[in-house]
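Below, each chain spelled out in residue letters.
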Amino acid sequence: PGISTPLLQSPGGEHARLLRERALSAPTQVQRGPREEDEDTPFTKEAFLACVGSSANLMATSMGTGMLALPIAVYYSGAIVGTVLIICMAVLSDISLVFLVKAAKQSRTTSLQELGRYYYGHNGELIVNVSLVALLLCASLSVLIAIADLLTPLWHHALPIGPPYDQWYCQYWFVMLLCVAIIYPISIPSNLSPLKYSSAGAVLSIFLVFVFMVIRFLQHGVSKTSPIDLFVDSPIAALALPIQGLAYASQFNVVGLYVELGEHKKHINKVIHCSMLFTCVIYALFGLLGYLYFGQDTGKYSMILDGFHNDKLMMVAGAMISLTNILKMPLIVLPFRNTVNLILFGKQELGLAISAVETLLLLLLIYILAKVVGDLALGLELSGPTVGVFVCFILPGMLCFKSDKEKWKRFLPMHSYDADHYSRTQITALVVAMLGVLMGLASIAGLVFQQTGNGKK
């Protein structure tokens, strides 16, 4: 009593110092949960294997068709600017993934939908659900169209007949239907863990395609017949942004991967950083080499492999990309199915049998719409500057900002909390969200500029 009374009565001095120490230590304390946040947890062999599996899933979610469009993104913005933008998008994507994990830790939620509801109420959950459905539908359409585009010539080449390939089993629609039949059984599981082996195969396929591109570039060198732009002074350069941003899109799966790490959750940041670093190196080199190989002619090919006519090595590369996309589809179908279930039934899973039926119906819907749309560029151009930038950058920034704001409010004394004070995390979250808004607006402006008959000068 003789010691505590003066401290309580004193407006400053020791009591103020203790309050400041409590304020400074509180945010750190809330981040430390029972087992998952224990910094003394050793990085064991089990943890390493769990992280490798999660990294494979995270990389397989983003790597695929988007990589084939990176050379044309570099063409839009120039060799130097395009490559720098690919690296910058990797950094922004890494930050946004970490933001989502931070918000999930703070709220103890297990999905993007729960995060939206926890921080922004029913309207927040609705916005997240609608955005995810739109993004995942566009992504699944783009992936299925790309698979069919790449596999149809290979299918014709493998058949023991010649042109004009008028038979029903030679048609584009049949090849796409075969792809759906292959995708269906691997898309039924209710979590991402069983996909770690197929995801590792998908990442290996992407790496081999990158190796094939390096081989062809070393043989061919920089284009001698078509000029190379280091910079592009035109609004059309903004068209590179949605392509490069969507190439890293994996935000809709990162919270689920974090939850499935279980006792190894503490290492989620290692998973994110390693995945983004590996993806960034492959993307930057692939985009730059593809552009240097074709020069201005890169603008003719929305998928760079279309430029390698009758090249058997690149036909193999096309088959590898197709395999990657087939193995990637479950990483899109699963959150797509879960989101539809949340909207219609209020919960993600309804049992294995019902999941099998739902998956079949969703794939049939995707198949029909893919046949109707039939244009890979259309899906990317529409989803990139709209729901793409929202889910990849704006939403993570909004969730992390709200999460960090509530964390400080909860653990600081009422008379010490300042609602107008912004922590470094909150400022960074606002910057990422604003960059997402600017990217979306710039991409729409570039698209309008292109559609009004203005091309790259």
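Everything below is about the structure shown above.
Quick caveat: nothing in here was measured; it's all calculated off a predicted structure. (Residues numbered from 1 in each chain as written. Predicted model: local features only at pLDDT ≥ 70, side-chain atom pairs only at ≥ 80, totals over all residues. Heavy atoms only, no water.)

Student: What exactly am I supposed to notice about the overall build of the protein chain here?
Tutor: Helices and strands together make up the secondary structure of the protein chain, namely 16 helices and zero strands. Going through the 457 residues of the protein chain one by one, you find that 52% of them count as buried. Relative to all contacts within the protein chain whose residues are 6 or more apart in sequence, the contacts with residues 24 or more apart total 84%. By element, 67% of the accessible surface of the protein chain is carried by carbon and sulfur atoms, the whole surface being about 20,500 Å². (Helix = DSSP H or I, 4+ residues; strand = E, 2+ residues; numbered from the N terminus. Buried < 20%, exposed > 50% of the residue type's maximum accessible area, 1.4 Å probe, protein only. Contact = heavy atoms within 4.5 Å. Areas by Shrake-Rupley, 256 points an atom, 1.4 Å probe, with all protein chains shown as cover.)

Student: Could you clarify how one ought to interpret the nonpolar core in this entry?
Tutor: Nonpolar side chains in soluble globular proteins tend to be buried together. Met 67, Leu 112, Leu 144, Ile 272 and Leu 305 are the most contacted members of the largest nonpolar core, which has 119 residues in total. Among the elements that take part in this core, helix α7 (residues 112–158) stands out by supplying 15 residues, more than any other. When near neighbours in sequence (up to four residues on either side) are disregarded, Ile 272 contacts Leu 58, Asp 94, Leu 97, Val 98, Val 101 and Val 254. (Core = buried A, V, L, I, M, F, W, Y, C linked by side-chain atoms within 4.5 Å.)

Student: I tried to follow the packing of aromatic side chains on my own but got confused; where do I start?
Tutor: Ring pairs (aromatic) are described by centroid distance and by the angle formed between their planes. Summed over the entire model, instances satisfying the criterion amount to 15 aromatic pairs. Arranged with centres 5.9 Å apart and planes meeting at 85 degrees, the rings of Trp 173 and Phe 174 form a pair that is edge-to-face. Assessed through its relative accessible area of 34%, Trp 173 is described here as partly exposed. Among the aromatic residues, those joined into a ring-pair cluster are Trp 155, Trp 168, Tyr 169, Trp 173 and Phe 174. Its guanidinium or amino end placed over the ring of Tyr 258, Lys 265 lies 5.2 Å from that ring's centre, counting from NZ or CZ. The ring centre of Tyr 422 lies 4.3 Å from the NZ or CZ of Lys 405, which sits over that ring. (Phe/Tyr/Trp six-rings, centres within 6.5 Å; stacked < 30°, edge-to-face > 60°. Lys NZ or Arg CZ within 6 Å of the ring centre and 35° of its normal.)

Student: Can you walk me through the packing of helix α3 (residues 45–62) against helix α11 (residues 251–260) in this structure?
Tutor: Angle between the axes and distance between the axes are the two parameters that describe a pair of packed helices. Where α3 contacts α11, the two axes come as close as 10 Å, and the packing angle between them is 170 degrees. Put simply, α3 runs roughly antiparallel to α11. Note on element contacts: α11 touches α3 through Phe 252, Asn 253, Val 254 and Leu 257, opposite Ser 54, Asn 57, Leu 58 and Thr 61. (Axes fitted to C-alpha atoms, helices over the stretch in contact; angles between N-to-C directions. Parallel < 35°, antiparallel > 145°, perpendicular 65-115°, else oblique.)

Student: Explain helix α13 (residues 312–345) to me, please; I cannot follow it from the model alone.
Tutor: Because each turn of an α-helix spans 3.6 residues, side chains separated by three or four positions end up pointing in the same direction. Helix length check: α13, at 34 residues, gives a terminal C-alpha distance of 49 Å against a target of 50 Å (1.5 Å per residue), a fit within 8%. Largest kink in α13: about 30 degrees, centred on Lys 328, with the proline Pro 330 one to four residues after it. At the N-terminal end of α13, a side-chain oxygen is found 3.0 Å from the backbone nitrogen of Leu 313, two or three residues along, and the residue is Asp 311. One or two steps after α13, the chain reaches Gly 346, where phi turns positive at roughly 85 degrees. (Expected span 1.5 Å × (residues − 1). Bend = angle between axes of the 7 residues up to and from the residue. Polar contact = N/O pair within 3.5 Å; in protein donor to acceptor, adjacent residues only side chain to side chain.)

Student: What am I meant to see in the side chain of Asn 129 here?
Tutor: Within the element layout of this structure, Asn 129 appears in helix α7. Judged by its relative accessible area of 4%, Asn 129 is buried. Beyond its immediate stretch of four places on either side in the chain, Asn 129 contacts Gln 113, Thr 339, Leu 342 and Ile 343.

Student: Honestly, α11 in this entry has me stumped. Any pointers?
Tutor: The buried fraction of α11 is high, at seven of ten residues. Among all positions in α11, only Gln 251, Phe 252, Asn 253, Val 254, Val 255, Leu 257 and Tyr 258 are buried. Where α11 ends, the next residue or the one after it, Gly 262, has phi of about 60 degrees, a positive value.

Student: Whenever I open this one, the side chain of Gln 113 confuses me. Can you help?
Tutor: Looking at the secondary structure, you find Gln 113 in helix α7. A polar contact is formed between the side chain of Gln 113 and the side chain of Asn 129, at a distance of 3.4 Å. Gln 113 has contacts with Glu 125, Val 128, Asn 129, Leu 132, Thr 339, Leu 342 and Gln 348, leaving out every residue within four places of it along the chain.

Student: Is there a simple way to explain unusual backbone geometry in this structure?
Tutor: When glycine is set aside, most residues are seen to have a negative phi, and most peptide bonds are trans. Even without being a glycine, Arg 108 presents a positive backbone phi close to 60 degrees. Structurally, Arg 108 is set in the loop between α6 (79–107) and α7. Here Tyr 165, not a glycine, exhibits a phi torsion of approximately 55 degrees, which is positive. Within the secondary structure layout, Tyr 165 lies in the loop between α7 and α8 (172–186).

Student: Would you mind going over a nonpolar patch on the surface with me for this structure?
Tutor: Together, Tyr 422, Ile 427, Leu 430, Val 431, Met 434, Leu 435, Val 437, Leu 438 and Leu 441 make up a nonpolar patch on the protein surface, roughly 790 Å² of accessible area in all. Inspection of the secondary structure assignment puts Tyr 422 in the loop between α15 (376–411) and α16 (424–451). (Patch = residues over 30% accessible without salt bridge, like charges linked within 9 Å, V, L, I, M, F, W, Y side chains within 5 Å. Salt bridge = Lys/Arg side-chain N within 4 Å of Asp/Glu carboxyl O.)

Student: Where do I start with the packing of α6 against α11 in this structure?
Tutor: Packing of α6 against α11 leaves a shortest axis separation of 9 Å and a crossing angle of 45 degrees. Compared by their axis directions, α6 and α11 come out oblique. Judged by the twist between their axes, the crossing of α6 over α11 is right-handed. Residue-level inspection shows Ser 93, Ser 96, Leu 97, Leu 100, Val 101, Ala 104 and Lys 105 of α6 in contact with α11, the latter providing Gln 251, Val 254, Val 255 and Tyr 258. Across the contact of α6 with α11, the residue classes break down as seven nonpolar, three polar and one charged. (Left-handed = near helix turned anticlockwise from the far one by under 90°. Nonpolar A, V, L, I, M, F, W, Y, C, P; charged D, E, K, R; others polar.)

Shape is all these values report; function is a separate question.
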